[in-house]
2 protein chains.
Amino acid sequence: MIQRYVYGSMIETDTIPVKPEAGKEPLPGFTVDEKEHSFTYLLGKEDRIYGLGENVRGINKRGWIYQSWASDNPDHLEDAVSLYAAHNFLVVDGEERFGLFLDYGGKVTYDIGYTEMNRLTIRVNDFNLDVYRISGDSVLSIVHQFREMIGRSYIPPRWAFGFGQSRWGYVCEADVRQVVRKHRELGLPLDSVYLDIDYMDSYKDFTVNQERFPDLAGLASEMAGQGVHLVPIIDAAIKKEEGYPVSDEGIRKGYFCTDKDGKPFEGAVWPGISLFPDVLNPEVRKWFGSLYKVLLDMGIEGFWNDMNEPSIFYTEASLEAIRTRLMDTVGATPDVNTFFELTGIIREVFQKDEIYDSIYHHVNGKAIRHTDVHNLYGYNMTRAAAEAFETLAKDRRILLFSRSSCIGMHRFGGTWMGDNKSWWSHLALNFRMLPSLNMCGFLYTGADLGGFGSDVTEDLLMRWLELGIFTPLMRNHSALGTREQEAYRFSDLDGFRHVLRMRYVLLPYLYSEYMKAALDNKMLFRPLAFDYPEDHRAQETEDQLMLGDSLMIAPVMQQNARGRMVYLPESMKLFRFSKDGRVLETVLGPGDHYVECELSDVIFFLRPDHLIPVSFGGSCVAEVDFDHVHFLTYPAGNEACYEYYTDDGISRQAAGMRILYRMGEDGEVKALPQ
Amino acid sequence: MIQRYVYGSMIETDTIPVKPEAGKEPLPGFTVDEKEHSFTYLLGKEDRIYGLGENVRGINKRGWIYQSWASDNPDHLEDAVSLYAAHNFLVVDGEERFGLFLDYGGKVTYDIGYTEMNRLTIRVNDFNLDVYRISGDSVLSIVHQFREMIGRSYIPPRWAFGFGQSRWGYVCEADVRQVVRKHRELGLPLDSVYLDIDYMDSYKDFTVNQERFPDLAGLASEMAGQGVHLVPIIDAAIKKEEGYPVSDEGIRKGYFCTDKDGKPFEGAVWPGISLFPDVLNPEVRKWFGSLYKVLLDMGIEGFWNDMNEPSIFYTEASLEAIRTRLMDTVGATPDVNTFFELTGIIREVFQKDEIYDSIYHHVNGKAIRHTDVHNLYGYNMTRAAAEAFETLAKDRRILLFSRSSCIGMHRFGGTWMGDNKSWWSHLALNFRMLPSLNMCGFLYTGADLGGFGSDVTEDLLMRWLELGIFTPLMRNHSALGTREQEAYRFSDLDGFRHVLRMRYVLLPYLYSEYMKAALDNKMLFRPLAFDYPEDHRAQETEDQLMLGDSLMIAPVMQQNARGRMVYLPESMKLFRFSKDGRVLETVLGPGDHYVECELSDVIFFLRPDHLIPVSFGGSCVAEVDFDHVHFLTYPAGNEACYEYYTDDGISRQAAGMRILYRMGEDGEVKALPQ
């Protein structure tokens, strides 16, 4: 059951397509302090808190402060409070069980047992918001109800479930061709190559650098011939430049966010001084979305929207303020204070909240302070593109995912987990974020495999890919200046080939489960606690996840480990695929098991009386035979069925078939007549 | 067996008291490249690399680059290469088994399977060093031989095994009194309060701020009456100030490091422009050590030496260089490049290696570039104090530990693990560093419990103390500006009281084991791999440690966990002490076990046929009865004995008794006649 509670008068977010009637009674269980803008709930000792989408720390979020405030923060340290997204949905599970969603575009702080261990305090910037309380028999039922309310999750084309190779550093056609050639020559499967900001002319959106990419349409077509899609980046900000049509037209039509005087707001990002499309305005969204056409017309079928928190390095005013302060400080007697002041001044300026205070949106003739809707920006940029694609690509799905997001955007695109690092702890963080994001409607998601910043090691990349083969977005991405981390840079090519190929072997199951999760508003990745709610051990397990109906995954996420402990809440069958072709299948009873897993081994667990459809693989998604699948099975005495979803992988309607496969007593798996 | 290999002509480090004859044959197993200054060894697939003392990442160091280069680096991130210390001892265990020690004061880089997974490359700055290769039947034998060669580890007074409370932020006598009063009133045991830099007058070593600490001697005496010792900080650098006797005398006598022209080198630290005692020179060491007398005379019995990498914020020249660059940049057209240049300029200056290049030491009339002996600085500062104490405190031990160190310093003082953060990952790092430091001779060690930087949570502090009760140095320390983290700031006082008291219950065992480890050149904390070398599971276990002869520890180091998996290489008895007085004793068989451990529970494991002596506790070490111990036992069919070391806890000679206790068939434990 969902109850809506209205406080003040919210700025519309368009997150909830059909809003339930608002109740009159107070929000049960919470002390609401209108003066403090806070909601407080006393936590039971055993209460666990799930949700909040993209964030640091555990699956159980208890014991820290989090802030919904979209931030360009590449340092995903344990004490970070905000990453790129703002996902205001959580579930309390324990003495009571309910979900809570805050429909609100401004800053929200969640003190989840930080100040006091037994207190949850949610504080909003101003008291104009809708709160939804969702009750249900189980966490899964609560999440399901919530997901039904917020609408169906984004569905990408099937090829977007293939492996993608990316690096901020592919600067010309030759770089792209080399990546593809290397993969094809070495038998490393590949479906896409990503283009980071260097493909543009001076970082201007919807332009192509003619020196380095003289014929992008030609390149796209050439790559398509090899089963590879090019996926260019689109940044949020538009370079301010006379003669650049996007800048000119936007200024002429008043399509950019303004300052308080109504003049276009100017902030610096990669292209230098830039303008920010006022994507909260439907007319602007329509315009901005239409701009993607130039790339679609070149044969591009996928995009990643970046820097849309929006990230702003500085404004002329903020830079001038530093300059003045620096002048003063540099001129002063040099001492320790000067030194720390100098270092402090610089640190202060980046992504200053004050900059956001000076930006205005204009929706339906009303000016809205950016600060009050900050978290909606990436959502609406992505929505602009998605809505345009409905016309520009009427009959087919376009790949689209975004760095910043809030709930609502899940209908329009996926999200990646932002600029992580090549750290083992970020591999584990990637893992733990998956169910939290699924709860909030984000199914098409994944992290930069191998890590974006910092230098990867061969074993970290291998282990990370062993998780990545299970995540819908599977992309190896790294930053300029870091160690090159394409699989072919390392020694164990057989190992990498094996791991990447396993993705394609598993694709029938992964795609089928993704589609059912999207169409039926279910979670793809679930903490064990959600599937085995009475199992206390399952409740604390944060390094294993249920994946779809049949699988449990438990990748190795520790350096130098050749195996790991796995907790089985029920009997399961372990599959281990080794690079030399050996496949181990062993039934393990409920309880704790040490499972060996050499560096390039792929392991997963099949639930009893479950099946998964698999293929013989391929070097790209187009080569995978989704129509003639075979099955990995674990018959355990009861009827074992699998509902297999399949479609053409590209039609927008996603009107596929669901075929019921049943395992007979003879061990044969057969499709039941429809 | 130890073999010494001489390359070029090393600058003496005084690390090895008696050097074995140098061999003529080449270093076996290594390719030595004199031009590249490198030693390369091909790693077997299963080889594990242990050692390197204070460093980030795992107990098995394979899969990263490390650098011996003492650095003031509070960000102990996964990709850090250097922390505060430089410990050039490692053991290769696998296809071959040997230890390697580089007797060298300059920069060393260890590429341990980073560039190539199967290659260990050690690179030194210049090719003047001695290398020691130690072979043996077991890792423990190799470590033992190495420890015998480098000499007996530092032994602190017994009271230094009590709990210490610290914070950068206790600025006056009232602050100290409050900490002590709170602990005593609430029944929280306490043995020491640490004084950070604010007790000094303008951060001048060996001075006391007369306004805030008008009578330090009186305060020390008052605190002593309550069983509490004051432990002031001593920083490496001496404020340059006319009229400050230390500065004046040092300049007059030429006791400071110089620049290339022989003038005292000036660099800025907390006191502003400062001078750096040339502690590599024996005459300067004698002088610097003698300065501690003023505090000893006030009744001070312990010190922590800080900022002795040495940390240098800037020099006038480096600050001027920034100022000039800033002026230029600030004056330039403001654009994205300017912005990144501004942020970059500031980041560059802190702890610049170039600063070290401009410093000179003078030993035996010879000028030595600081860069060539950088890692020896903290060692020699601490040695200066320790050597002086031999005269100034002839009959008693003085507590002394240091932030920076290299091997050699282990004879003169302990070390803490530097400025960590209130992160769960740093609790685990604290744990993993223990055996690595023990290998290098550092027995008196521990981390800032609860974390120095960042904000702690109540549960993190509790769990961290549950590890801290086992570490010789047990100190809660936090930084200015972070959340206050004395135990009494939080809600579960019963829990904190229980955990702290457990330290005192365990003290007879912990002190006895510490002393035997020091006197017999053994490790106190050992990876399971060292005690169970044939056990493959033990080889990968990095979250459990052997502690002394009888115990295995396995603290909970994950937030929101109410227990953890524990691997037992043999049958052990689990002890669990709960805050309500319940004690669980259960024998568990070899293999994997899930062990419950509520937030304030203390757990440990006793080996079969082993005993540990315990006490009834006390509110400070002086109240613990070391003469009438009782025993926790796990009789398992064979003779169970314990060799108990005890002494007066203060005499320098450490000429204690070793009493053999044996458990009889009746279950009684009795001392055998001597």
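Shown above is the structure to which this text applies.
Read on for an overview of the structure. Just so you know, these numbers come straight off a predicted model, no measurement behind them.

## Observations concerning the overall build of chain A
In step 1: Along its length, chain A carries 16 helices and 37 strands.
In step 2: For chain A, whose C-alpha radius of gyration is 25 Å, the value lies close to the compact-globule estimate of 26 Å for 674 residues.
In step 3: Each of the three principal axes of chain A carries a C-alpha extent, and together these read 80 × 65 × 55 Å.
In step 4: Of all intrachain contacts in chain A linking residues separated by at least 6 positions in sequence, the fraction that spans at least 24 positions is 72%.
In step 5: When the accessible surface of chain A is totalled, it reaches about 22,600 Å², and 49% of it is carbon and sulfur.
In step 6: Within chain A, one finds 69 positive and 99 negative side-chain charges whose respective centroids are separated by 1 Å.

## Quick word on the interface of chain A and chain B
In step 1: The partner chain B presents 61 residues to the 61 residues of chain A that form the contact.
In step 2: Both sides together, the interface formed by chain A and chain B hides about 5,400 Å², and carbon and sulfur atoms give 60% of it.
In step 3: Linking chain A with chain B are 4 salt bridges, by the criterion used here.
In step 4: Here R562 of chain A and E46 of chain B are joined by a salt bridge, their closest N and O atoms 3.0 Å apart.
In step 5: At the junction of chain A with chain B, the criterion picks out 30 residue pairs in polar contact (both at pLDDT 80 or more).
In step 6: Secondary structure elements with two or more residues in the side of chain A that touches chain B: β15 (266-269), α7 (316-331), α8 (336-349), α12 (424-439), α13 (458-468), α16 (536-540), β28 (563-568) and β31 (591-596) of chain A.
In step 7: Class assignment for the residues of the side of chain A that touches chain B results in 29 nonpolar, 14 polar and 18 charged.

## Structural notes on the sheet that holds strand β9 (residues 119-124) of chain B
Residue and element names in this part refer to chain B.
In step 1: Pairing is antiparallel in the open sheet, where 5 strands are placed in the order β2-β3-β9-β8-β5. Every interior strand has two partners, whereas the edge strands, β2 (31-33) and β5 (64-68), have only one. Taken over all neighbouring pairs, the strand axes of this sheet differ in orientation by 15° on average, direction set aside.
In step 2: Of the pairings in the sheet, the one linking strand β8 (residues 108-112) to β9 comprises 5 bridges and is antiparallel in character. Residue Y110 lies in a different strand from β9, and its bridge partner there is I122.

## Quick word on the packing of helix α2 (residues 173-186) of chain B against helix α3 (residues 216-224) of chain B
Residues and elements named next belong to chain B.
In step 1: α3 packs onto α2 with a crossing angle of 5° between their chain directions and a minimal axis gap of 11 Å. The orientation of α2 relative to α3 falls into the category roughly parallel. Contacts from E173, V176, R177 and V180 in α2 reach L216, L219, E222 and M223 in α3.
In step 2: Taken together, the residues that form the contact of α2 with α3 break down as 5 nonpolar, no polar and 3 charged.

## Quick notes on the environment of V499 of chain B
All names here are of chain B.
In step 1: Within the secondary structure layout, V499 lies in helix α14 (residues 493-519).
In step 2: Measuring from C-alpha to C-alpha, the distance between V499 and G468 comes to 9.4 Å, with 31 residues separating the pair along the chain.
In step 3: Once residues lying within four places of it in the same chain are set aside, the contact partners of V499 are M462, L465, E466, I469, S600 and V602.

## Concerning the pairing of strand β34 (residues 630-634) of chain A
For a regular strand, side-chain orientation follows a simple rule: the groups alternate between the two sheet faces.
Residues and elements named next belong to chain A.
In step 1: Extensive coverage of β34 is indicated by the burial of 4 of its 5 residues.
In step 2: Bridge count between strand β33 (residues 610-614) and β34: 5 bridges; the pairing is antiparallel. The residue bridging P613 from the neighbouring strand is F631, located in β34.

## So, unusual backbone geometry
Residue and element names in this part refer to chain A.
In step 1: With omega at -5°, the peptide bond leading from E309 into P310 counts as cis.
In step 2: Position of P310 among the secondary structure elements: in the loop between β17 (302-306) and α7.
In step 3: One non-glycine residue with positive phi stands out, namely Y203, at about 60°.
In step 4: Mapped onto the fold, Y203 is located in the loop between β12 (192-195) and α3 (216-224).

## Section: the side chain of K204 of chain A
All names here are of chain A.
In step 1: Inspection of the secondary structure assignment puts K204 in the loop between β12 and α3.
In step 2: On the basis of relative accessible area, K204 is assigned to the buried category, the value being 8%.
In step 3: Every residue in contact with K204, bar those within four places of it in the chain, is listed here: K239, E241 and Y244.

## Thoughts on the relation of the copies chain A and chain B
In step 1: For these two chains of identical sequence, chain A goes onto chain B by a turn of 180° and a shift of 0.0 Å along the axis, with RMSD 0.0 Å. Expressed as a symmetry operation, the mapping of one chain copy onto the other fits a two-fold axis.
In step 2: Interface residue correspondence from chain A to chain B reaches 100%, placing this contact among same-surface, isologous pairings.

## Comments concerning the sheet that holds strand β16 (residues 272-275) of chain A
Two pairing modes exist for strands in a sheet, parallel and antiparallel, and in both the strands are linked by backbone hydrogen bonds.
Residues and elements named next belong to chain A.
In step 1: Strand order in the open sheet formed by 3 strands is β14-β16-β15, with antiparallel pairing between adjacent strands. In this open sheet, the two edge strands, each paired with only one partner strand, are β14 (238-239) and β15.
In step 2: Alignment of β15 against β16, held across 4 bridges, turns out to be antiparallel. Following the sheet pairing, E266 is matched in β16 by L275.

## A closer look at the environment of F98 of chain A
Residue and element names in this part refer to chain A.
In step 1: With respect to the helices, strands and loops of the structure, F98 is situated in strand β7 (residues 97-103).
In step 2: Given a relative accessible area of 0%, F98 falls into the buried group.
In step 3: Sequence spacing of F98 and V139 is 41 residues, and the spatial spacing of their C-alpha atoms is 7.6 Å.

## Description of the pattern of salt bridges
In step 1: Tallied over the entire structure, the rule returns 102 salt bridges over all chains.
In step 2: Its salt-bridge partner being K240 of chain A, residue E266 of chain A comes within 2.7 Å of it at the nearest N-O pair. In this pair, E266 of chain A is assigned in strand β15 and K240 of chain A in the loop between β14 and α4 (245-253), connecting sequence segments 26 residues apart.
In step 3: Residue E266 of chain A is classed as partly exposed on the basis of its relative accessible area of 26%.
In step 4: Linking R576 of chain B and D601 of chain B is a salt bridge whose minimum nitrogen-to-oxygen distance equals 3.8 Å. In this pair, R576 of chain B is assigned in strand β29 (residues 572-577) and D601 of chain B in the loop between β31 (591-596) and β32 (602-606), connecting sequence segments 25 residues apart.
In step 5: For R576 of chain B, a relative accessible area of 15% puts it in the buried group.
In step 6: With relative accessibility at 5%, the residue D601 of chain B sits in the buried group.
In step 7: One network of salt bridges, with partners in common, ties together D72, D306, E309, R403 and D419 of chain A.

## Thoughts on the packing of aromatic side chains
In step 1: For the structure shown, the criterion picks out 90 aromatic pairs over all chains.
In step 2: Summarising the aromatic geometry, the rings of Y41 of chain A and F98 of chain A are spaced 5.2 Å apart at their centres and angled 75° between planes, so their arrangement reads as edge-to-face. Of the two residues, Y41 of chain A sits in strand β3 (residues 38-42) while F98 of chain A sits in strand β7, which places them 57 residues apart along the sequence.
In step 3: Judged by its relative accessible area of 3%, Y41 of chain A is buried.
In step 4: Ring centres 4.9 Å apart and planes at 45° place the aromatic pair Y255 of chain B and W287 of chain B in the tilted group. Remark: W287 of chain B occurs in helix α5 (residues 282-290) and Y255 of chain B occurs in the loop between α4 (245-253) and β15 (266-269); sequence separation between them is 32 residues.
In step 5: Looking at Y255 of chain B, the relative accessible area reads 7%, which means it is buried.
In step 6: Ring pairing ties together the aromatic residues Y154, F161, Y194, W304, F401, W416, Y444, Y511, Y514, F626 and Y645 of chain A, which thus form one cluster.

## Focus on the side chain of E466 of chain B
All names here are of chain B.
In step 1: As for its placement among the helices and strands, E466 is situated in helix α13 (residues 458-468).
In step 2: Note on E466: relative accessible area 4%, which makes it buried.
In step 3: Reaching out from E466, the side chain makes a polar contact with the side chain of R463 at a distance of 3.1 Å.
In step 4: Not counting chain neighbours up to four residues away, the residues in contact with E466 comprise V499, C597, L599, S600, D601 and V602.

## Quick look at the nonpolar core
In step 1: The biggest cluster of nonpolar side chains holds 413 residues, and the ones touching the most others in it are F89 and F604 of chain A together with F89 and F604 of chain B.
In step 2: When residues in this core are grouped by element, the largest group, 16 residues, is from α14 of chain B.
In step 3: Judged by nonpolar contacts, the second largest core, of 27 residues, contains F30, Y104, L120 and V124 of chain B.

## Examining helix α12 (residues 424-439) of chain B
Residues and elements named next belong to chain B.
In step 1: Of all bends in α12, the biggest is about 30°, found at M433, and the proline P435 comes one to four residues later.
In step 2: By the criterion of burial, α12 is predominantly enclosed, with 15 of the 16 residues buried.
In step 3: Within two residues after α12, G441 carries a phi angle of roughly 95°, on the positive side.

Calculation notes
- Residues numbered from 1 in each chain as written.
- Chains lettered and ligands numbered in written order.
- Predicted model: local features only at pLDDT ≥ 70, side-chain atom pairs only at ≥ 80, totals over all residues.
- Heavy atoms only, no water.
- Helix = DSSP H or I, 4+ residues; strand = E, 2+ residues; numbered from the N terminus.
- Rg over C-alpha atoms; globule rule 2.2 N^0.38 Å.
- Contact = heavy atoms within 4.5 Å.
- Areas by Shrake-Rupley, 256 points an atom, 1.4 Å probe, with all protein chains shown as cover.
- Lys, Arg positive; Asp, Glu negative; His and termini not counted.
- Charge placed at Lys NZ, Arg CZ, Asp CG, Glu CD.
- Buried area = accessible area lost by both parts, 1.4 Å probe.
- Salt bridge = Lys/Arg side-chain N within 4 Å of Asp/Glu carboxyl O.
- Polar contact = N/O pair within 3.5 Å; in protein donor to acceptor, adjacent residues only side chain to side chain.
- Nonpolar A, V, L, I, M, F, W, Y, C, P; charged D, E, K, R; others polar.
- Pairing = 2+ DSSP bridges.
- Axes fitted to C-alpha atoms, helices over the stretch in contact; angles between N-to-C directions.
- Parallel < 35°, antiparallel > 145°, perpendicular 65-115°, else oblique.
- Buried < 20%, exposed > 50% of the residue type's maximum accessible area, 1.4 Å probe, protein only.
- Least-squares fit on C-alpha atoms with pLDDT ≥ 70 in both.
- Phe/Tyr/Trp six-rings, centres within 6.5 Å; stacked < 30°, edge-to-face > 60°.
- Core = buried A, V, L, I, M, F, W, Y, C linked by side-chain atoms within 4.5 Å.
- Bend = angle between axes of the 7 residues up to and from the residue.

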